[in-house]
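One-letter residues, chain by chain:
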Amino acid sequence: MPETNKLAENIAAIRQKIQDGAEKLDNSKAVYEFKKSFLDSKAGEIGQLMKEMKNIPKEQRADYGKAVNELKEWAVQLFDDMDVKLKEAELKRRYEKEKIDVTMPAVETETGNLHPITQIIEQLIDVFAGMGFEVYEGTEVENDYYNFTALNTPQDHPARDMQDTFYLSPEFLLRTQTSAGQIHVMENKKPPIKILSPGRVFRSDDDSTHSPMFGQMEGLVVDEHITLSDLQGMLDLFVQKIYGEGTYTRLRPSYFPFTEPSVEVDVSCFECGGKGCRLCKGTGWIEILGAGIVNKKVLENCGIDSEKYSGLAFGIGLERTAMLKYGINNIKTLFESDLRALKQIDDK
Ligand code: PHE
């Protein structure tokens, strides 16, 4: 039979042990382990004290039980308090560690931007859609008829020399101009017609301002009483939107087989305002596109009454427009995909 005194000493010793041990604990996991070594109902030291109960003389059992229970409650409370404190401290430490300074400049994320040619296409569509134009996209492989013959440029016409052509066969070729789309549209649609046709065209030509593949944007309007002044009015609006408010156009006589009269269109120099500078080579004017009044023969080739209707057409070079607008002097910049160059042109 265990001596009651011994047991009382035991209880006091355990209490002391808990007190001493607890002081050294600095994290909740250690508290959990330490707590288990006392409070586990089987292996814990307080648990063991409970088991002694059966060996205690009956008359002392109540006191003994009470003392052990007190010890247990005291220990549970102590560990709970410690837990709370340690958890708080741990949270505080975590917050310290994860603290972010919201006033720090953010790390910039890389964003892409549209290719300058795509930007130009979107801007042009925007300008002309505002004037009621619809977009028609033709095909890059055309036959000779649509690219030349129907455009009043029959076989052996000297004007075919203006466009060095990639022939795929005697009949098929890579279109040299988006003008080919004019014929498709006029064959399929009755006037009034107002279309804009962007796309790639191909010519055997290659230097710092020419590429064998480049982009054009065709415009075609067919209706009653269409004249050159309609053309100039639209183009004035176009240059103001693309090259700046103060710019305007001038028309110079030119030649295309499919327009009569034909004009070369210049924009007043947007760099020097017309005084003369390096960009306009001292002339105050920059050549930007070819245009004209649709040749009656072309209307007739498409079954359109050339007495009742007339049309205007223009062809804008996309690379040339981008080069002028963004000050690019080598057309290859637009094909090389060098992000250092392309990223500088973000013209939304
Ligand atoms: N297709 C002509 C070219 O590529 C441009 C043009 C289009 C001229 C429409 C007149 C009318 O050079």
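Overview of the structure. What you see is a predicted model; the values in this text were computed from it and never measured.

Conventions used here
- Residues numbered from 1 in each chain as written.
- Predicted model: local features only at pLDDT ≥ 70, side-chain atom pairs only at ≥ 80, totals over all residues.
- Heavy atoms only, no water.
- Helix = DSSP H or I, 4+ residues; strand = E, 2+ residues; numbered from the N terminus.
- Buried < 20%, exposed > 50% of the residue type's maximum accessible area, 1.4 Å probe, protein only.
- Contact = heavy atoms within 4.5 Å.
- Areas by Shrake-Rupley, 256 points an atom, 1.4 Å probe, with all protein chains shown as cover.
- Lys, Arg positive; Asp, Glu negative; His and termini not counted.
- Charge placed at Lys NZ, Arg CZ, Asp CG, Glu CD.
- Axes fitted to C-alpha atoms, helices over the stretch in contact; angles between N-to-C directions.
- Parallel < 35°, antiparallel > 145°, perpendicular 65-115°, else oblique.
- Nonpolar A, V, L, I, M, F, W, Y, C, P; charged D, E, K, R; others polar.
- 1 Å grid on protein atoms, 1.4 Å probe; cavity = no way out; pocket = protein on both sides within 12 Å on 5 of 7 lines; lining within 4 Å.
- Points joined across faces, edges and corners; volume = space filled by probe spheres on them.

1. Concerning the overall build of the protein chain
Right, on to step 1. Looking only at helices and strands, one finds eleven helices and nine strands in the protein chain.
Right, on to step 2. Considered along the principal axes of its C-alpha atoms, the protein chain spans approximately 130 × 45 × 35 Å.
Right, on to step 3. Counting only residues that meet the buried cut, the protein chain has 42% of its 348 residues in that class.
Right, on to step 4. Relative to all contacts within the protein chain whose residues are 6 or more apart in sequence, the contacts with residues 24 or more apart total 66%.
Right, on to step 5. Carbon and sulfur atoms make up 51% of the accessible area of the protein chain, which amounts to about 20,100 Å² in all.
Right, on to step 6. Averaging the locations of the 43 positively and 57 negatively charged side chains of the protein chain gives two centres separated by 10 Å.

2. Description of the packing of helix α2 (residues 28–39) against helix α4 (residues 58–97)
Right, on to step 1. Running from N to C, α2 and α4 point in directions that differ by 170°, and their axes come no closer than 9 Å. Considering their axes alone, α2 and α4 lie roughly antiparallel with respect to each other. Each of Ser28, Val31, Phe34, Lys35, Phe38 and Leu39 in α2 lies in contact with α4, whose residues at this interface are Lys72, Ala75, Val76, Phe79, Asp80, Met82, Asp83, Leu86 and Glu90.
Right, on to step 2. When the residues that make up the contact of α2 with α4 are grouped by side-chain class, the tally is nine nonpolar, one polar and five charged.

3. Observations concerning empty space enclosed by the protein
Right, on to step 1. All told, the structure shown has one cavity of 30 Å³ or more when counted by the stated rule.
Right, on to step 2. Taken as a whole, the largest cavity encloses approximately 50 Å³ of empty space.
Right, on to step 3. Among the residues forming the lining of the largest cavity, the class breakdown is six nonpolar, three polar and no charged.

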